[in-house]
Amino acid sequence: MKLITTSLLAMALLCLTVSCQKDQEPETIQEEVNFSIDLNLANETDWEMANEILTLVNAHRATLNLEPLLRDQQYASAYAVDHTKYMISLSQINHDNFQERSAAMKARGAKIVTENVAYGYNDAASVVHAWLNSPSHRAAIEGPYTHSGFGVMPGNNGAYFFTQLFYKK
């Protein structure tokens with residue numbers, strides 16, 4: 001019983017620190033929706049750590065004979081940074097407004113979109129390890145995606161928040 005309780009506690013903790021979101025059934029998006037974003041936001045991500053995450057993710061994909069993801073330092077990263085800043089403002093990870101990010105990427109040619117988010121990891125290896133140990137996050141990493149954007153930023157207490165958007169062109 002103690003092992004089951006410990007396992008459940010570990011799973012609950014993992015769910016509190018990493019999360020992912022996949023496209024669901026298409027929602028009707030009103031044509032008046034403005035998908036504009038300041039592309040300069042992409043420059044605010046910690047590109048050193050983001051590049052390390054991409055290298056680790058692509059190394060894992062290579063073990064499965066999957067094509068490497070290409071880094072998107074424009075729209076996907078701008079949307080990812082915007083979401084990461086939002087999570088920092090709330091001091092919690094979430095997928096709030098994912099459908100809007102997905103719709104915005106689809107308006108720019110993406111066919112499918114998903115995202116992983118995380119909090120509290122201080123290096124690329126730790127966050128990628130956590131994602132790979134979660135079936136839903138692993139599915140995003142191993143999915144049929146071609147590109148990835150990043151919002152990797154320290155929060156107010158110095159602990160990092162992560163948003164990784166995946167999409168297929």
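Residues numbered from 1 in each chain as written. Predicted model: local features only at pLDDT ≥ 70, side-chain atom pairs only at ≥ 80, totals over all residues. Heavy atoms only, no water.

1. Notes on the overall build of the protein
Assigned secondary structure in the protein consists of six helices and five strands. In the protein, buried positions account for 46% of the 169 residues. Contacts in the protein between residues at least 24 apart in sequence constitute 76% of all its contacts with a sequence separation of at least 6. Just so you have it, the protein exposes about 9100 Å², and 55% of that area is on carbon and sulfur atoms. (Helix = DSSP H or I, 4+ residues; strand = E, 2+ residues; numbered from the N terminus. Buried < 20%, exposed > 50% of the residue type's maximum accessible area, 1.4 Å probe, protein only. Contact = heavy atoms within 4.5 Å. Areas by Shrake-Rupley, 256 points an atom, 1.4 Å probe, with all protein chains shown as cover.)

2. Notes on the pairing of strand 4 (residues 147-154)
Within strand 4, seven of the eight residues are buried, which leaves it mostly tucked inside the rest of the structure. Sheet topology places strand 2 (residues 70-71) next to strand 4; two bridges connect them, and they run parallel. Looking at strand 4, one finds that Arg71 is bridged to Ser148. As paired strands, strand 4 and strand 5 (residues 160-168) are joined by eight bridges and run antiparallel to one another. Residue pairing in the sheet places Pro154 in a bridge with Tyr160 of strand 5. The loop that links strand 4 with its antiparallel partner strand 5 comprises five residues; one of these, Gly158, has a positive phi angle of about 95°. (Pairing = 2+ DSSP bridges.)

3. Side note on the nonpolar core
Met49, Ile53, Val127, Trp131, Phe150, Val152 and Phe162 are the most contacted members of the largest nonpolar core, which has 23 residues in total. Secondary structure elements with two or more residues in this core: helix 2 (47-63), helix 5 (124-132), helix 6 (135-141), strand 4 and strand 5. Residues Met87, Met105, Ala110 and Leu165 belong to the second largest nonpolar core, which totals 22 residues. (Core = buried A, V, L, I, M, F, W, Y, C linked by side-chain atoms within 4.5 Å.)

4. Quick notes on the confidence of the model for the protein
In this model, the protein carries a mean pLDDT of 85, and residues with pLDDT of at least 70 account for 80%. Note on residues 1-19: pLDDT under 50 across the span, and 23 contacts to partners over four residues away in sequence or across chains. Counting contacts from residues 23-32, a segment whose pLDDT is below 50, to residues more than four positions away or on other chains yields nine contacts. (pLDDT = per-residue confidence, 0-100.)

5. Points about the environment of Glu44
Residue placement: Glu44 occurs in the loop between strand 1 (18-22) and helix 2. Given a relative accessible area of 39%, Glu44 falls into the partly exposed group. Through-space distance from the C-alpha of Glu44 to that of Lys85 is 9.8 Å; in sequence the pair is 41 residues apart.

6. Some words on the pairing of strand 3 (residues 112-119)
Among the eight residues that make up strand 3, six are buried, leaving the element largely enclosed by the rest of the structure. With eight bridges connecting them, strand 3 and strand 5 associate as antiparallel partners. Bridged to Val113 within strand 5 is Tyr167.

7. Considering the packing of aromatic side chains
Each aromatic ring pair is described using two quantities: the centre-to-centre distance and the angle formed by the ring planes. Scanning all chains against the criterion turns up five aromatic pairs. Their ring planes at 80° and their centres at 6.4 Å tell us that Trp131 and Phe162 sit as a pair that is edge-to-face. Within this pair, whereas Trp131 is found in helix 5, its partner Phe162 is found in strand 5, the two being separated by 31 residues in sequence. Here a set of aromatic residues connected by ring pairs shows up, and it is made of Trp131, Tyr160 and Phe162. Between the NZ or CZ atom of Arg108 and the centre of the ring of Tyr75, over which it lies, the distance is 3.9 Å. (Phe/Tyr/Trp six-rings, centres within 6.5 Å; stacked < 30°, edge-to-face > 60°. Lys NZ or Arg CZ within 6 Å of the ring centre and 35° of its normal.)

8. Description of the pattern of salt bridges
Summed over the entire model, instances satisfying the criterion amount to three salt bridges. As a salt-bridge pair, Arg138 and Glu142 come within 3.0 Å of each other at their nearest N and O atoms. (Salt bridge = Lys/Arg side-chain N within 4 Å of Asp/Glu carboxyl O.)

9. Some remarks on helix 2
Every α-helix carries 3.6 residues per turn, so stepping three or four residues along brings you back to the same face. The terminal C-alpha atoms of helix 2, which comprises 17 residues, lie 24 Å apart, in line with the 24 Å expected from a rise of 1.5 Å per residue. What helix 2 keeps buried is the set Trp47, Met49, Ala50, Ile53, Leu54, Val57, Asn58, His60 and Arg61. On its buried face, helix 2 is in contact with strand 2, helix 3 (75-90), helix 5, helix 6, strand 4 and strand 5. (Expected span 1.5 Å × (residues − 1).)

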